[in-house]
Amino acid sequence: MELKQSELDAITSNPLEAIVDIMDTYGTEIKRFVYMYLKNEADTEDVTQEVFVAVYQNIHTFKGNSSLKSWIYSIAANKCKNHLKRDRLRHFNLIERLTRQQSSVSSKQEDLSELYLQNSLNKGLFEKVMDLPIKYREVVILYYYKELSIKEICAILNEKESTLQSRLLRSRKKLKVSILNEVGGIIHG
C-alpha cells in the first residue's frame with residue numbers, strides 16, 4: 001500500500017513527530033518481530049531501539065514506493081541480521097531456556113497420551129519454528145505470525161518471490177519432519 005503524497009510530505013517535513021507516531025503504531029509489533037528473530041529479551045530491547053533510531057535517521061529517504069510497515073520491517077530484519085552476525089547468536093537454544101523454567105514431570109506417572117501432551121507443550125510448533133535456520137525462520141515468522149504477503153516479504157528481505165516461496169516450502173517440510181520425528185520418538189522411545 002503506497003502512501004498518499006500528503007502523508008509522505010507530513011512524514012518527511014516533521015520527522016520527530018513522525019517517529020513518535022511510527023513508534024506508537026509499530027513499536028510493539030516490531031519489538032515482537034525482533035524478539036522472534038533474536039530470542040533474547042535484552043538484545044531485543046537494544047535492537048528495537050536501533051531500528052527506530054535508523055527509521056528516524058533515514059525517514060527522509062522513505063519515498064513511499066512500498067508501505068511504511070514494509071520499510072520498517074526491512075530495517076528491523078537487517079538490524080537483526082547484523083546483530084546475529086556480530087554476536088554469533090545463531091545457535092542460541094530457546095527450548096533449553098523454556099524447559100529450565102518449567103518443572104519436570106515424572107514420565108512413570110504419565111500414560112502415553114499425557115506424555116505426548118506434555119511434550120507438545122514443551123516443544124510446540126512455535127519452538128520448532130524458532131529452531132529453524134534463520135533464513136527459513138524469518139520467512140515463516142513474517143508469513144504466518146506477522147501475516148505479511150510474499151510480496152511484502154520480498155521487499156523486507158530483498159529476495160526474489162520464487163526464492164521466498166521455495167524457502168517457505170522447505171520450512172514446512174523441515175517442520176513436518178521435526179514433528180514426525182518427535183512423535184516417532186515418543187512412540188518408539
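Computed from a predicted structure; not experimentally measured.

Calculation criteria
- All chains use their own residue numbering, which begins from 1 and follows the written sequence.
- Reporting in this predicted model follows two pLDDT cut-offs: at least 70 for local features of residues, and 80 or more for side-chain atom pairs to be given and counted; totals over whole chains, interfaces and linings ignore these cut-offs and use all residues.
- The basis for every side-chain value is the complete set of heavy atoms in the structure, and neither hydrogens nor water enter the calculation.
- The angle between two axes is taken between their N-to-C directions and runs from 0 to 180 degrees, where each axis is a line fitted to C-alpha atoms and a helix contributes only its stretch in contact.
- Segments assigned H or I by DSSP are reported as helices when at least four residues long, segments assigned E as strands when at least two residues long, and all are numbered from the N terminus.
- An angle below 35 degrees is read as roughly parallel, one above 145 as roughly antiparallel, one from 65 to 115 as roughly perpendicular, and any other as oblique.
- The handedness criterion is simple: a crossing whose near helix is rotated anticlockwise from the far helix by less than a right angle is left-handed, and one whose near helix is rotated clockwise is right-handed.
- Any two residues having at least one pair of non-hydrogen atoms within 4.5 Å are treated as being in contact.
- The term salt bridge refers to a pairing of a side-chain nitrogen on Lys or Arg with a carboxyl oxygen on Asp or Glu at a separation within 4 Å.
- Classification of residues uses two cut-offs on accessible area relative to the type maximum, computed with a 1.4 Å probe and protein chains only: under 20% is buried, over 50% is exposed, and between them is partly exposed.
- We call a set of buried Ala, Val, Leu, Ile, Met, Phe, Trp, Tyr and Cys residues a nonpolar core when their side-chain atoms join them within 4.5 Å.

1. Details of the packing of helix 2 (residues 15–38) against helix 8 (residues 134–145)
- Relative orientation of the contacting elements helix 2 and helix 8 amounts to 150 degrees, with a least axis distance of 10 Å. When the axes of helix 2 and helix 8 are compared, the pair comes out roughly antiparallel. Considering the relative orientation of helix 2 and helix 8, their crossing is right-handed. In contact with Phe33, Met36 and Tyr37 of helix 2, helix 8 contributes Ile134, Arg137, Glu138, Ile141, Leu142 and Tyr145.

2. Description of the pattern of salt bridges
- Tallying each qualifying case throughout the model produces 5 salt bridges.
- Arg167 serves as the salt-bridge partner of Glu138, at 3.8 Å between the closest nitrogen and oxygen. Of this pair, Glu138 sits in helix 8 while Arg167 sits in helix 10 (residues 161–188), placing them 29 residues apart in sequence. Exposure class is identical for Glu138 and Arg167. Each is buried.

3. Some thoughts on the nonpolar core
- Among the nonpolar cores identified, the biggest contains 45 residues, and Ile30, Val55 and Ile72 are the most heavily contacted of them.
- With 10 residues, the top contributor of residues to this core is helix 2.
- When near neighbours in sequence (up to four residues on either side) are disregarded, Ile72 contacts Ile22, Tyr26, Ile30, Val51 and Val55.

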